[in-house]
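Chain and residue survey
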Amino acid sequence: MVATTVEPSVHRSLRRRLLPLHIAVALQGFMLWVPVEKLFMNEIGFDAASVGVMAAAYAALVPLVEIPSGILADRWSRRGVLIVASTALMLTSLVGGLSNSVPLYIVSALFLAVYFAMYSGTMEAAVYDTLLEETGDSDGFERRIGRVRFVESATLVASSLAGGVLAGLTTPRLTYFLTVPFALASIVALLRFDEPQLH
């Protein structure tokens, strides 16, 4: 009898604690420049060789940052690492929008690599630890992380459509600058997240 009265309150508390994460994920995923990136890269002088250099630099940096990001998440703060990820995303959009040359745009791609490396695994750990702290076990983790993935996907689709329309009405460059406030707002959402202390 007690379990049936406690269970709904536990789930309500869990939903309330995870809500800032869902909001942050939605805001981080609102990258308006994604559908017009290749067009913008052509405008500022990219060719096949420079695209290859950028891809190589990006691919090399992600694994180099992922290891220290995991250590930071465990020893410092999962929320803190996610805030660093949002900051890197904000810098990606800002530097990308300011780019008039290939080298500067490659710098923005490196910030994007930092974002993905910091975000990868940390969000899953934050959701897992919150679930464990609230319920005492990990049952339902797949469902909870599935909701995060759904928010990511839905936001990416919506932002791609919006970014394409905005670029058609204005310029591709503007989509980079308009992404910055979303990344900044994701930091505000993460600051509202009640981080679990299990780790």
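A brief structural summary. (Residues numbered from 1 in each chain as written. Predicted model: local features only at pLDDT ≥ 70, side-chain atom pairs only at ≥ 80, totals over all residues. Heavy atoms only, no water.)

**A word on the side chain of threonine 175**
The cut-off we apply is this: Think of it this way: any DSSP run of H or I at least four residues long counts as a helix, any run of E at least two long counts as a strand, and we number them from the N terminus. Type-normalised accessible area, obtained with a 1.4 Å probe on protein chains alone, sets the label of each residue: buried when under 20%, exposed when over 50%, and partly exposed for intermediate values. Two residues qualify as a contact provided that any one of their heavy atoms is within 4.5 Å of a heavy atom in the partner residue.
Following the sequence through the fold, threonine 175 ends up in helix 8 (residues 172–191). Residue classification places threonine 175 among the buried positions, given a relative accessible area of 0%. Non-local contacts of threonine 175, meaning those with residues more than four positions away in its chain, are made with Leu32, Trp33, Val36, Gly163, Leu166 and Ala167.

**Examining the pattern of salt bridges**
Cut-off, in case you're wondering: Just to be clear on terms, a salt bridge is a Lys or Arg side-chain nitrogen sitting within 4 Å of an Asp or Glu carboxyl oxygen.
According to the stated counting rule, one finds 8 salt bridges in the structure shown. The salt bridge involving glutamate 133 is made with arginine 17; its shortest N-O contact spans 2.9 Å. On the criterion of sequence distance, the pair formed by glutamate 133 in helix 6 (residues 122–135) and arginine 17 in helix 1 (residues 2–28) is long-range, its members being 116 residues apart. A residue is classified by how much of its surface remains accessible, and arginine 17, at 10% relative accessible area, is buried. Note that arginine 78 and aspartate 129 form a salt bridge whose closest N and O atoms lie 2.8 Å from each other. A residue pair is termed long-range when its members are at least 10 positions apart, and arginine 78 in helix 4 (residues 78–98) and aspartate 129 in helix 6 qualify at 51 residues. Accessibility expressed as a relative area gives 7% for arginine 78, which makes it buried. With a relative accessible area of 8%, aspartate 129 lands in the buried category. The structure contains a network of salt bridges with shared partners spanning Arg17, Glu133, Glu134 and Asp194.

**Some details on helix 4**
This is how it is decided: In this analysis, the expected span of each helix is defined as 1.5 Å times one less than the number of residues it contains. Here a polar contact is recorded for every N or O atom pair within 3.5 Å, except that within protein the pair must consist of a potential hydrogen donor and a potential acceptor, and residues adjacent in sequence are included only if both atoms are side-chain atoms.
Taking 1.5 Å of rise per residue, the 21 residues of helix 4 would be expected to cover 30 Å, and the 30 Å separating its terminal C-alpha atoms lies within 8% of that figure. Buried residues dominate helix 4, accounting for 15 of its 21 residues. Capping the start of helix 4, serine 77 holds a side-chain oxygen 3.3 Å from the backbone nitrogen of arginine 79, two or three residues further along.

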